[in-house]
Amino acid sequence: MGRLTVTEQLSGAQILCRVLLEEGVDLLWGYPGGAIMPFYHALPDYPGLRHILVRHEQAAAHAADGYARASGRLGVCVATSGPGATNLVTGLATASMDSSPILAITGQVGRSMIGRDAFQETDVIGITLPITKHSHQVRDVSELAHRVREAIAIAREGRPGPVLVDVPKDVQNQKTDYEVSGGRWQVAGASKGTPHLTPNTYHLIPQAARLIAEAQRPLIMIGHGVILANAYEELRQLAERTGIPVITTLLGISAFPESHPLHLGMPGMHGEVHVNRAIQRADLILGIGLRFDDRVTGNTAGFAPQAGIIHIDLDASEIGKNVPTALGIVGDVKAVVTELLAAVAPRHCDPWREEIRSFVRTRDESYKGDLSPVNIMAAIHDAAGSRSTIVTDVGQHQMWVAKSYPYRRPNTHITSGGLGTMGFAVPAAMGVALARPGETVWSISGDGGFQMNLQEIATMVQEKIPVKMGIFNNGYLGMVRQWQQFFHQRRYSATPIWSPDYVKLAEAYGIAGWRVEHARQLPETVARAKATRGPALIEFVIEQEANVFPMIPPGASLSEPIEGEPAEMSRT
Ligand SMILES: Cc1ncc(C[n+]2csc(CCOP(=O)(O)OP(=O)(O)O)c2C)c(N)n1
Ligand SMILES: [Mg+2]
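Residues numbered from 1 in each chain as written. Chains lettered and ligands numbered in written order. Predicted model: local features only at pLDDT ≥ 70, side-chain atom pairs only at ≥ 80, totals over all residues. Heavy atoms only, no water.

Attention now moves to the pattern of salt bridges. Applying the stated criterion across every chain, the model contains 30 salt bridges. Taking the shortest distance from any N to any O, the salt bridge between Glu-318 and Lys-321 comes out at 3.1 Å. With a relative accessible area of 46%, Lys-321 lands in the partly exposed category. The salt bridge involving Glu-539 is made with Arg-515; its shortest N-O contact spans 2.9 Å. Placement of the pair is Glu-539 in strand S20 (residues 536-541) and Arg-515 in strand S19 (residues 512-516), with a sequence separation of 24 residues. Here Arg-515 falls in the partly exposed class, since its relative accessible area comes to 33%. When salt bridges with common partners are traced through the structure, they connect Arg-159, Asp-315, Glu-318 and Lys-321 into a single cluster. (Salt bridge = Lys/Arg side-chain N within 4 Å of Asp/Glu carboxyl O. Buried < 20%, exposed > 50% of the residue type's maximum accessible area, 1.4 Å probe, protein only. Helix = DSSP H or I, 4+ residues; strand = E, 2+ residues; numbered from the N terminus.)

The next subject is the site of ligand 1. Residues in close proximity to ligand 1 total 17 residues, the closest being His-397, Gly-420, Asp-447, Gly-449 and Gly-478. Between ligand 1 and Met-422, the relevant distance is 3.3 Å, taken from a nitrogen atom to a main-chain nitrogen or oxygen of the residue. Broken down by secondary-structure element, the contributors of at least two residues to the shell around ligand 1 are helix H17 (396-404), helix H19 (447-453) and helix H21 (478-487). For the shell around ligand 1, the element with the highest residue contribution is H19, accounting for four residues. For the shell around ligand 1, the per-class residue count stands at seven nonpolar, nine polar and one charged. (Near = heavy atom within 4 Å. Polar contact = N/O pair within 3.5 Å; in protein donor to acceptor, adjacent residues only side chain to side chain. Nonpolar A, V, L, I, M, F, W, Y, C, P; charged D, E, K, R; others polar.)

Below you can see the structure in the form of structure tokens.
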């Protein structure tokens, strides 16, 4: 039976819009310019596509990333050629490191000008090759629809990631037949529906179950993959059936309830002492959807010296990459954990949990003053109720929030884990806010990172995006200052950082803003920020030289934490 196909003549720019709509996209973050003008000319004819004009293309990529992480859908950003495209780079690298599905559409100079150092010509494909999952310059308009669908499928399938489609200006203007009822391009092997294990993986499940049954001191370590696979429930059941304590990496935070009796906390460089000691004592580690990043493992030579590692990950290239594995299982985390759940016998780990409890230290915050990061986050939590998401930037505040906020719902902690991109929080929070209307979305930044993308307040005002911005102002690039204090004899080179008057800044943008200097101001100010309809900002003036403890010195193993101000180092 033949299929009736209807074609119409569309320009490349119109095809871009049509394909985006067909793929379910309704939100774009971008910035126009010469080489992408035909696309922007077509855009108003497609009211189903909401375009948000950012103030810097980096923010477009981060906002698309934040949207993707919060919604599970594709984030889309658009930029012109040359400087527009290069401004996307940090955002693409951030999304790549944290497996976030975003599509970047870049304009390019006309085909006849490519390779001639034309005005605003940049080889964006060459530049972004190592930081995208896939990229393609479309040189023939008849391929455009197919290439965009292909890129979107690649961004979404398997381990998600960023993709880029570069479209020369004349290709955007060229017309071609567009098949209205066009068949969907599908990438071979793209998984749809309920994930299943591949046949050659099934036989590994009983082996894993046996290792779990035999272990005396097992641990579950989970990462972002559990969030990406929506495997919370299965994971919780696995933990409860086996009684195995659960460790959440920075990107795994909120994949397991913080308050669950089996939850231990965060591992690694700023992980809790009892978590790292548990890792060093464990005889089995069940690593699920994480890549054993060096911030998690410390020196891998000394990592978990007594443990066999079962590593479950969707991406085969992760198995054995950073740590040696006793058993690697490649597959969708939800599918693997479901099978494992059926295969493991119920057990408990009571003596082992008792031993871990004996590792717990009462934390020496060594924090002077009452406005501590812990108090601030407690106030934000108290005001937020259950429907809130916290987006953090990078630095000391990121670690304080990671360790102190009592996340109760899945995927409510969003941060740049892999690339550690300062400036991420404010624009990413815009994407989260549009993905989760009706929720309170907080960006928490340091005074350094906030100043990297504060221009986006204008975007929030223009587009009515109600992000609540918290700035932890310690007058320093705090995390770097901390390293200088510990490892560079307090030589504070280029880390003191001046800030503008943030309350006046808020006023200049026409938004509500407050400065908080004492804990007693917290409940009321946070509640007022939450109650404000639009964006709002609070500067929290915190102690200047507070440190994040514990800390594993770079290059050391997890067994060698610095637990408080080292006496010889606090001498000036
Ligand atoms: C784009 C970028 N540049 C530099 C760094 C290195 N870096 C990591 S943390 C940090 C300090 C962050 O300072 P601030 O934003 O004030 O946060 P704080 O540590 O004081 O909480 C710097 C410079 C980075 N992660 N990202
Ligand atoms: Mg700071």
